[in-house]
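Report on the structure
Each chain is listed here by its residues.
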Amino acid sequence: MKIESTLINRSGQTLNVTYYDIDQEKELDNKKVRGVHAYCFCGDKLVIVSAEAKGYWTPPGGGVEAGESIEEAVAREILEETNMRVVRQEFIGYQDIFEPDKINTQTRHICLVEPVGEFISDPDGDVTEIKLVDPKNLKQYFDWGVIGDRLLKRALEKFPKLKI
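Residues numbered from 1 in each chain as written. Predicted model: local features only at pLDDT ≥ 70, side-chain atom pairs only at ≥ 80, totals over all residues. Heavy atoms only, no water.

Core analysis: the biggest nonpolar cluster contains 22 residues, and Y39, F41, L46, I110 and L138 have the highest contact counts within it. Sorting elements by how many residues they give to this core places helix α2 (residues 145-162) first, with 6 residues. Once you skip the residues sitting within four places of it in the chain, Y39 turns out to touch L46, P59, H109, I110, C111, L138, F142, W144, G148, L151, L152 and A155. (Core = buried A, V, L, I, M, F, W, Y, C linked by side-chain atoms within 4.5 Å. Buried < 20%, exposed > 50% of the residue type's maximum accessible area, 1.4 Å probe, protein only. Helix = DSSP H or I, 4+ residues; strand = E, 2+ residues; numbered from the N terminus. Contact = heavy atoms within 4.5 Å.)

Considering all chains together, one arrives at 18 salt bridges under this definition. One salt bridge connects D23 with R154, and the closest N-O pair in it is separated by 2.9 Å. Residue D23 is found in the loop between β2 (14-21) and β3 (33-42), and its partner R154 is found in helix α2; the two are separated by 131 residues along the sequence. Given a relative accessible area of 40%, D23 falls into the partly exposed group. We note a salt bridge from E90 to R88, for which the minimum N-O separation is 4.0 Å. Salt bridges linked by common partners bring D21, D23, R88, E90, R150, R154 and K158 together as one network. (Salt bridge = Lys/Arg side-chain N within 4 Å of Asp/Glu carboxyl O.)

This part covers the pairing of strand β8 (residues 102-115). Buried residues dominate β8, accounting for 10 of its 14 residues. As judged from the 8 bridges shared by β3 and β8, these two strands associate in the parallel manner. The residue of β8 that forms the bridge with F41 is L112. Bridge analysis of strand β7 (residues 84-99) against β8 gives 14 bridges, and the strand direction is antiparallel. Counted as the bridge partner of Q89 is C111 from β8. With antiparallel pairing between neighbouring strands as the criterion, β7 and β8 make up a hairpin whose turn holds 2 residues. (Pairing = 2+ DSSP bridges.)

The terminal C-alpha atoms of α2, which comprises 18 residues, lie 25 Å apart, in line with the 26 Å expected from a rise of 1.5 Å per residue. Among the residues of α2, I147, G148, R150, L151, L152, R154, A155, K158, F159 and L162 are the ones counted as buried. Where α2 is buried, its residues meet β1 (2-8), β2, β3, β4 (45-51), β7 and β8. (Expected span 1.5 Å × (residues − 1).)

Right, let's talk about helix α1 (residues 70-82) for a bit. With 13 residues, α1 should reach 18 Å at 1.5 Å per residue; the first-to-last C-alpha distance of 18 Å fits that figure. Of the residues making up α1, those classed as buried are I70, A73, V74, R76, E77, I78, E80, E81 and T82. In this fold, the buried residues of α1 make contact with β3, β4, β6 (61-63), β7, β8 and β9 (129-133).

What follows is about the pairing of β1. Note that β1 and β2 share 7 bridges and pair antiparallel. Looking at the pairing, E4 lines up with T18 of β2. The turn linking β1 back onto β2 is made up of 5 residues, and G12 within it adopts a positive phi angle of 85°.

Dropping the structure here:
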């Protein structure tokens, strides 16, 4: 499925976004992925994170570091931002964000996670709080519009199979 939408970035610019459902990395056709976010299930709750300085809630995620695979970036970002270990992960989609000077490709995943210990702080200092929320209440924290609706639908469809 392909969805075309827009978003407003932190600079206030409206950017075009094109989202695609995918199930495997090879469907990216060798695109340079700059960012990852994951709909993480801990039990039957979704894990979300807040960065006080940014002023919003979001699924855990961040940048892909040099020499790191996409899956490694997902696992590292989740561990750093939530102190949870990825047990299993799958692709659910990706989006191209059309910035003025580049196309920013970001992947979206579903993960099963388990706590490693108590969340103290994000080593980068970005995430200041984490919550476990019922998926049906997700829009109380953030709304990614029609793309977010599709991502949540895909995550909930894949969740029972991921638990096996």
